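Now for the letters of each chain:
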Amino acid sequence: MAYAVASLMQWITCAEEQFQSHLAELNALDAAIGDGDHGSNLARGFAKVREKLQANPPETPASLFKLVGMTLISTVGGASGPLYGSFFLEAGKIAGEQKELDNATLARCLQAGLVGIQRLGKAEAGDKTMIDALEPAIRALTNEADMGVATQKAREGRDATIPLIARKGRASYLGERAIGHADPGATSACLLLNCLAGACPT
Ligand code: ADP
Ligand code: MG
Ligand code: MG
């Protein structure tokens, strides 16, 4: 089983649909502990991604990831644009010229993406950010090669942000008032990983 560019396009197309359909929910989460735009930011960024993919279908996983990363960085004003953008740019570097990615290579791409987010944002697990969902999920994927386990870990990581005080991003300005709310970025990271789990390798 391997992920050719067509499978990875399914991933990104699903993400665009999910961010559109969860736009209000993600904005509401962000309104509670940020500025209320997380859903709008991602919906706008991924709509632009879809436009560019239709105009210029990529031929390799690396060129797909690069297009997604560059587009998110250039169209999303919020913190999440450069962060998710770095994730895809770094993943693309690992994909190289390969036509398809086996499970282990895909896991290495995601791990490199995670490192890229952390290099930029300096957040660690427990800081109440997207890292709280991504880190345990990607660790599970690397160690157990099981997408179902990975998405379960992402959900647990998101839920675990609820009682936390935020140490990074806008929510960190709220101090204890952030307690009781799930982090919007951890929530969007769950949607992103669910879509990857739904993409069919061939
Ligand atoms: P903004 O805060 O600029 O409006 P968004 O609302 O789109 O950007 O994204 C907010 C999300 O970004 C947060 O919920 C959090 O998950 C994530 N985030 C913010 N800062 C960081 C960081 N330094 N590292 C990792 N993730 C971060
Ligand atoms: Mg915001
Ligand atoms: Mg904003």
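Before going into details, it helps to say that this report is about the structure given with it. (Residues numbered from 1 in each chain as written. Chains lettered and ligands numbered in written order. Predicted model: local features only at pLDDT ≥ 70, side-chain atom pairs only at ≥ 80, totals over all residues. Heavy atoms only, no water.)

So, the coordination of the magnesium ion (ligand 3)
Our working definition: Sites may look incomplete because water is not among the atoms; the donors themselves are N, O and S atoms within 2.8 Å of the metal, or within 3.2 Å for Na, K and Ca. Burial classes follow relative accessibility: with a 1.4 Å probe on protein chains only, a residue under 20% of its type's maximum area counts as buried, one over 50% as exposed, and anything between as partly exposed.
At the metal site, the magnesium ion (ligand 3) is ligated by Asp 35 (OD) and Asp 37 (OD), and these contacts range over 2.1 Å. A relative accessible area of 23% means that Asp 37 is categorised as partly exposed.

Thoughts on the site of ligand 1
Quick reminder of the rule: Throughout, near means a residue has at least one heavy atom within 4 Å of the molecule or strand. Distance and chemistry together define a polar contact, namely a pair of N or O atoms within 3.5 Å, with one atom able to donate a hydrogen and the other to accept it when in protein, and with adjacent residues in sequence counting only for side-chain atoms on both sides. Calculation of accessible area relied on Shrake-Rupley with a 1.4 Å probe; when residues are assessed, cover is drawn exclusively from the protein chains displayed. Only DSSP runs of H or I reaching four residues or more are called helices, and only runs of E reaching two or more are called strands; each is numbered from the N terminus. Note that Gly is not counted as nonpolar here; it falls among the polar residues with everything else outside the nonpolar set of Ala, Val, Leu, Ile, Met, Phe, Trp, Tyr, Cys and Pro and the charged set of Asp, Glu, Lys and Arg.
Taken together, 19 residues lie near ligand 1, and Asn 41, Ala 79, Ser 80, Gly 121 and Asp 183 sit nearest. Asp 37 places a side-chain nitrogen or oxygen 2.9 Å from an oxygen atom of ligand 1. In isolation ligand 1 exposes 570 Å². Once the protein is present, 91% of that is buried. The set of elements that each furnish at least two residues to the shell around ligand 1 consists of helix H3 (38-55), helix H5 (80-95) and helix H9 (184-198). A class-by-class count of the residues in the shell around ligand 1 yields 5 nonpolar, 8 polar and 6 charged.

Considerations on the nonpolar core
Spelled out, the test is: Here, nonpolar core means buried Ala, Val, Leu, Ile, Met, Phe, Trp, Tyr and Cys residues that are tied together by side-chain atoms lying within 4.5 Å of each other. In this description, contact between two residues means that some pair of their heavy atoms is separated by no more than 4.5 Å.
Judged by nonpolar contacts, the single largest core of 52 residues is most densely connected at Trp 11, Ile 12, Phe 65 and Phe 88. Among the elements that take part in this core, H9 stands out by supplying 8 residues, more than any other. When neighbours within four sequence positions are excluded, Trp 11 is seen to be in contact with Phe 65, Phe 87, Phe 88, Leu 110, Leu 192, Cys 195, Leu 196 and Ala 199.

Notes on the packing of H3 against H5
Definition in use: Between N-to-C directions, angles cover 0 to 180 degrees, with each direction set by a line fitted to C-alpha atoms, over the stretch in contact for helices. Our angle categories are set so that under 35 degrees counts as roughly parallel, over 145 as roughly antiparallel, 65 to 115 as roughly perpendicular, and the remainder as oblique. Each crossing gets its hand from how the near helix is turned against the far one by less than a right angle, where anticlockwise is left-handed and clockwise is right-handed.
Viewed as axis vectors pointing N to C, H3 and H5 meet at an angle of 45 degrees, and their least axial separation amounts to 10 Å. On the basis of the axis angle, H3 is oblique to H5. H5 is crossed by H3, and the crossing has right-handed handedness. Note on element contacts: H5 touches H3 through Ser 80, Tyr 84 and Phe 88, opposite His 38, Asn 41, Leu 42 and Phe 46.

Looking at the side chain of Thr 161
The topology assignment puts Thr 161 in the loop between helix H8 (147-160) and H9. Residue class for Thr 161 comes out buried when judged on its relative accessible area of 0%.

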